[in-house]
Amino acid sequence: MVRTTCEPGQQGNNLSPNKFLTSSLHNNLPFCLKVPAITYGGPIVPPDNPSPESIKIAESLVILEFIADISKPGTLLPTDPVLRAKARFFIDTVSNTIGTTFVAVTLRGEPMEKVLASVEKIQSLLPPEGYAVGPEFTIADAAVVPFFARLELILEEDIGAFDVGVGPKTLQILNTDPKFARFRKYFAAIKARESFKKTFDRALAASPSINAVLLWHFNPCNRSIMAPSNRALTGQDIREVARAAVAALNEHSLRSCLFGSTACAIYGTQNREPNVSIIPPFTLSQIAIMAMDQDVDIIVISNMDPEDIKELIISTDNRFYLVPSANRRNTYQVLWFRVSNRKKCKVDILVPGLLSIPRIPLRQISYIQPFEDIPVVPLLVLLLLKLRGWTDHRVDYRQYMLDKVEVDEEDIEELLRLAVENRAHLNQEQWLPKWFVREMRERVDEYIEEWPSSEGKWTSLGL
């Protein structure tokens, strides 16, 4: 996703940055793939309602060159024809090195040495100081920075067809090897610019829905996820992770239970079991659902700090490991489980008090056949915690959180149906604290306001 630097009220020449246009090709996704576009000429009108008299221009590089052409000479495109040629050559080289390497390594699992070789080739084009073609930021830098930013994020997050752990190791080489010192200096200067800080959303770029689209986008012929390099987890994989985590916790006399998407699948929701109801070739919506389900959420019935609990788990089972959070401002580490060389699963550890989670008495923990060896939260609590997630996601400013709302609603509808069929009722859960019930009643009212037809089901549950 690319954003222009044009701001409302500072458009000039009737250049207006449109709201990102949604391609009709992707309307069946629970999120939208956005295409950057601008209009030029015609009367000044709201960006989301362009005038028929204006010219519509799409595609990032085309927009960038157009803005450079109509800007003050020398602003983005050098006035010196030699420097202009160097800028365009730099863009072409990056597209044909990092661009193709990105696909080869991330989606086909080709050797990571290709990344290092590509960066080295790009580095050889850089002058000793400054940006791509000199001391000024030009079209060359603006065009290539998305490649470098996404590459850094993919390596850091270990996203791709390569073996688990290869991404961070490669990033460490790029960040420490003296051979890449000039590239590091160049990329650091790019990231220090205010325009980069304001427009590159690390959390969005690493979100599951974006990764799902990338998988689909680079394999458009058959609309299927490429196996086995995609590392998509099956329901069996996820349950293996859950069992391992529960067993590791039991070793330290810590009782636990699952909630979130894994618990939904165990209770029988149809859209949360990737290896039962979904058979390749996958639809786009199914890809998105699977991409959002690649983790296990566990409540540990304890007053311990979650970080200390994670340390206990990795000390008990060496298939678990910790990596720093992608957001450098976070002090916590992320717990992962190595399913195989090409598969890993994130494990979230929570304790009562976080995310409105009540302290669950051990006798209230549920065991559902045929997975009676995996403890889960009571059905009504699972429904209400899912409702909490829905109310939070729908007001979040981050797109990747908003993308979750529709899947949340599908979960809630299925859990509501299951709760009514199983004759669940609030009176059966007398142990629930009053603050939890009060908070959830408010969230139920919000859901009914959005979905009035669900009111009868909530009422039958005592809510």
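Note that the structure is a prediction, hence the values are computed from the model and not measured.

**Q** Help me out: how do you make sense of the packing of helix 11 (residues 260-267) against helix 14 (residues 379-393) in this one?
**A** Two packed helices can be described by the angle between their axes and the distance between those axes. The interhelical angle for the contact between helix 11 and helix 14, taken along N-to-C directions, is 140°, at an axis separation of 11 Å. The angle between helix 11 and helix 14 places the two elements in the oblique class. Taken as a pair, helix 11 and helix 14 cross one another with a handedness that is left-handed. In contact with G260, A263, C264 and Y267 of helix 11, helix 14 contributes L379, L382 and K386. A class-by-class count of the residues in the contact of helix 11 with helix 14 yields five nonpolar, one polar and one charged.

**Q** I keep staring at the side chain of T262 and nothing clicks. Help me out?
**A** Residue position: T262 is located in helix 11. Classification of T262 by relative accessible area gives buried; the value is 6%. Within the local environment of T262, its side chain forms a polar contact with the backbone oxygen of D295, the two atoms lying 3.4 Å apart.

**Q** Where do I start with the pairing of strand 6 (residues 256-259) in this structure?
**A** Where burial is concerned, the two faces of strand 6 agree: the one with S256 and L258 and the one with C257 and F259 are both buried. Sheet topology places strand 6 next to strand 7 (residues 295-300); four bridges connect them, and they run antiparallel. Bridging from a neighbouring strand, S256 pairs with V300 of strand 7.

**Q** How do you make sense of the nonpolar core when you look at a structure like this?
**A** Buried together is how nonpolar side chains tend to be arranged in soluble globular proteins. Residues L258, I298, I299, L383, L384, W458 and L461 are the most contacted members of the largest nonpolar core, which totals 69 residues. Per-element tally for this core: the top contributor is helix 14, with nine residues. Beyond its immediate sequence surroundings of up to four residues, I298 is in contact with A245, L249, S256, C257, L258, F259, V347, D348, I349 and L350. Membership of the second largest hydrophobic core comes to 47 residues, among which are I98, L107, L171 and F183.

**Q** Would you explain unusual backbone geometry in this entry?
**A** Outside of glycine, negative phi angles account for most residues, and trans bonds account for most peptide bonds. In this structure, the amide linkage connecting Q369 to the following residue, P370, adopts the cis form with an omega of 5°. Along the chain, the position of P370 falls in the loop between strand 11 (366-367) and strand 12 (375-376). Positioned with a positive phi, L355 is a non-glycine residue whose angle comes to about 55°. Secondary-structure assignment places L355 in the loop between strand 10 (343-350) and strand 11.

**Q** Sorry if this is basic, but what is going on with a negative patch on the surface here?
**A** A cluster of acidic residues, E442, D445, E449 and E455, forms a negative patch at the surface. It is helix 17 (residues 434-450) that provides the largest number of residues to the negative patch, a total of three residues. Within the element layout of this structure, E455 appears in helix 18 (residues 455-460).

**Q** In this structure, what is going on with the environment of S54? I would like to understand it.
**A** Assignment of secondary structure puts S54 in the loop between strand 4 (37-40) and strand 5 (55-58). With a relative accessible area of 7%, S54 lands in the buried category. Along the primary structure S54 and G42 are separated by 12 residues, whereas in three dimensions their C-alpha atoms are 4.6 Å apart. Residues contacting S54, with those up to four places away along its chain left out, are T39, Y40, G41 and G42. Within the local environment of S54, its side chain forms a polar contact with the backbone oxygen of S51, the two atoms lying 2.6 Å apart.

**Q** Looking at this model, I keep getting lost on the packing of helix 3 (residues 113-123) against helix 5 (residues 166-176). Mind explaining?
**A** Axis separation between helix 3 and helix 5 bottoms out at 10 Å; the angle between their running directions is 25°. For the element pair helix 3 / helix 5, the angle class is roughly parallel. Read as a crossing pair, helix 3 and helix 5 show a hand that is right-handed. Here V115, L116 and V119 of helix 3 come into contact with helix 5, specifically with T170, I173 and L174.

**Q** Whenever I open this one, the packing of aromatic side chains confuses me. Can you help?
**A** What characterises a pair of aromatic rings is the spacing of the ring centres plus the angle enclosed by the ring planes. All told, the structure shown has 11 aromatic pairs when counted by the stated rule. For the pair Y40 and F66, a centre-to-centre distance of 5.0 Å together with 80° between the ring planes defines the contact as edge-to-face. Within this pair, whereas Y40 is found in strand 4, its partner F66 is found in helix 1 (residues 60-70), the two being separated by 26 residues in sequence. With 6.3 Å between their ring centres and 85° between their planes, F148 and Y186 make a pair best called edge-to-face. A residue pair is termed long-range when its members are at least 10 positions apart, and F148 in helix 4 (residues 139-157) and Y186 in helix 6 (residues 181-191) qualify at 38 residues. One exposure class covers both F148 and Y186, and it is buried. Sitting over the ring of F147, R150 keeps its end group 5.8 Å from the ring centre.

Parameters at a glance
- The residue numbering used here restarts from 1 in each chain and proceeds along that chain's sequence as written.
- Given that this is a predicted model, residues contribute local features only at a pLDDT of at least 70 and side-chain atom pairs are listed and counted only at 80 or more, while totals for whole chains, interfaces and linings are drawn from all residues.
- Heavy atoms from the whole structure form the basis of all side-chain values; hydrogens and water molecules are not counted.
- Axes here mean lines fitted to C-alpha atoms, for a helix over just the part in contact, with angles spanning 0 to 180 degrees between N-to-C directions.
- Going along the chain from the N terminus, every DSSP run of H or I of four or more residues is numbered as a helix, and every run of E of two or more is numbered as a strand.
- Our angle categories are set so that under 35 degrees counts as roughly parallel, over 145 as roughly antiparallel, 65 to 115 as roughly perpendicular, and the remainder as oblique.
- Handedness of a crossing follows from how the near helix is turned relative to the far one, being left-handed for an anticlockwise turn of less than a right angle and right-handed for a clockwise one.
- Residue contacts follow a heavy-atom distance rule, with two residues in contact if any of their heavy atoms lie within 4.5 Å.
- Three residue categories are used. Nonpolar comprises Ala, Val, Leu, Ile, Met, Phe, Trp, Tyr, Cys and Pro, charged comprises Asp, Glu, Lys and Arg, and polar comprises the others, including Gly.
- Type-normalised accessible area, obtained with a 1.4 Å probe on protein chains alone, sets the label of each residue: buried when under 20%, exposed when over 50%, and partly exposed for intermediate values.
- The definition of a polar contact used here is a pair of N or O atoms within 3.5 Å, where within protein one atom must be able to donate a hydrogen and the other to accept one, and adjacent residues in sequence count solely through side-chain atom pairs.
- A strand pair is defined by DSSP finding two or more bridges across the two strands.
- The criterion is simple. A nonpolar core is a set of buried Ala, Val, Leu, Ile, Met, Phe, Trp, Tyr and Cys residues joined through side-chain atoms within 4.5 Å.
- Candidate patch residues must exceed 30% relative accessible area and have no salt bridge, after which like charges are joined if within 9 Å and Val, Leu, Ile, Met, Phe, Trp or Tyr side chains if within 5 Å.
- Areas reported as accessible are Shrake-Rupley estimates using a 1.4 Å probe. Residue values count occlusion only from the protein chains shown.
- Whenever Lys or Arg places a side-chain nitrogen within 4 Å of a carboxyl oxygen from Asp or Glu, that contact is recorded as a salt bridge.
- When charges are counted, neither His nor the chain ends are considered; positive counts come from Lys and Arg and negative counts from Asp and Glu.
- Charge positions come from single atoms, namely NZ of Lys, CZ of Arg, CG of Asp or CD of Glu.
- Between the rings of Phe, Tyr and Trp (Trp by its six-membered ring), a pair exists once the centres lie within 6.5 Å; its type follows the angle of the planes, with under 30 degrees stacked, over 60 edge-to-face, and the other angles tilted.
- A ring has a charge above it when a Lys NZ or an Arg CZ is no more than 6 Å from the ring centre and no more than 35 degrees off the ring normal.

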